[in-house]
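# Observations on the three-dimensional arrangement
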Amino acid sequence: VMTNIYESPDKGKTIRVRAFNQPQPRKDLQVRKKYLSTKTYGHNIGLSAVFRQPNADHSHCHLLHGYSLSFKFTFACESLDNKNWAVDFGGLKPLKAWLEDMFDHKLCLDTKDPHIKKFRELEDMDLAEIRIFDGVGAEMFAYHAFCFANKLIREKTDNRCWVESVECAEHGANSAIYTECEDT
């Protein structure tokens, strides 16, 4: 830590400023730069999804219940584009459209739900729009959003960027995050 002293233009006052030296990379580690940026689709955009956990027979979560879901995407890259951006947020319209198509006023069901035929009857009567997932709930919704977004981002950036993580929140107190880990 260094302390620099500067003279203020206001009546000769002295200002002390602490400046921190840039950390030096450890010589025994290979350091890679990584830039992160985030995009959030909050509860306010109205991704109002209804779902149930068919295997949660020990709790009320086996009943139909819904939330205005929110999603937070964290993007990563080792080099920025020519505009010094990790991801061009203006190019994320397909991601928002996918979220709306999958979760906006939708009944989200697990492929293994034993009552799927009964729920299909609701759709046939125009009482529900159903989306079928291989797994439902905040953890699995984060996973499904990760898979869609990662493919989209890699294609749009020619593999320069990727999705680091996706967080799906049911409300302010409950959320789940999906990320992929590298083998060590």
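Scroll up a little and you will see the structure.
Presented here is a report on the structure given in the accompanying data block. (Residues numbered from 1 in each chain as written. Predicted model: local features only at pLDDT ≥ 70, side-chain atom pairs only at ≥ 80, totals over all residues. Heavy atoms only, no water.)

Right, let's get into unusual backbone geometry. Phi is positive for Asp126, which is not a glycine, with a value near 60°. Mapped onto the fold, Asp126 is located in the loop between α2 (116–124) and β7 (130–133). If you check the backbone angles, Asp158 has positive phi at about 55° while not being a glycine. Examined against the element boundaries, Asp158 turns out to sit in the loop between α3 (138–156) and β8 (161–171). (Helix = DSSP H or I, 4+ residues; strand = E, 2+ residues; numbered from the N terminus.)

What follows deals with the packing of aromatic side chains. Scanning the entire structure with this criterion turns up 13 aromatic pairs. Measuring from centroid to centroid gives 6.0 Å for Tyr41 and Phe73, while their planes differ by 80°, and the two rings are edge-to-face. Remark: Phe73 occurs in strand β5 (residues 65–77) and Tyr41 occurs in strand β3 (residues 35–41); sequence separation between them is 32 residues. Phe73 carries the same exposure label as Tyr41, and that label is buried. With centroids separated by 6.3 Å and ring planes inclined at 5°, the aromatic side chains of Phe73 and Phe75 adopt a geometry described as stacked. You'll find Phe73 and Phe75 in the same group, each marked buried. In this structure an aromatic cluster arises from ring pairing among Tyr41, Phe51, Tyr67, Phe71, Phe73, Phe75, Trp98, Phe103, Phe133, Phe141 and Phe148. The ring of Tyr41 has Lys39 sitting right over it, with the charged end atom 5.6 Å from the ring centre. Here the guanidinium or amino end of Lys39 rests over the ring plane of Phe89, the centre of that ring lying 5.8 Å away. (Phe/Tyr/Trp six-rings, centres within 6.5 Å; stacked < 30°, edge-to-face > 60°. Buried < 20%, exposed > 50% of the residue type's maximum accessible area, 1.4 Å probe, protein only. Lys NZ or Arg CZ within 6 Å of the ring centre and 35° of its normal.)

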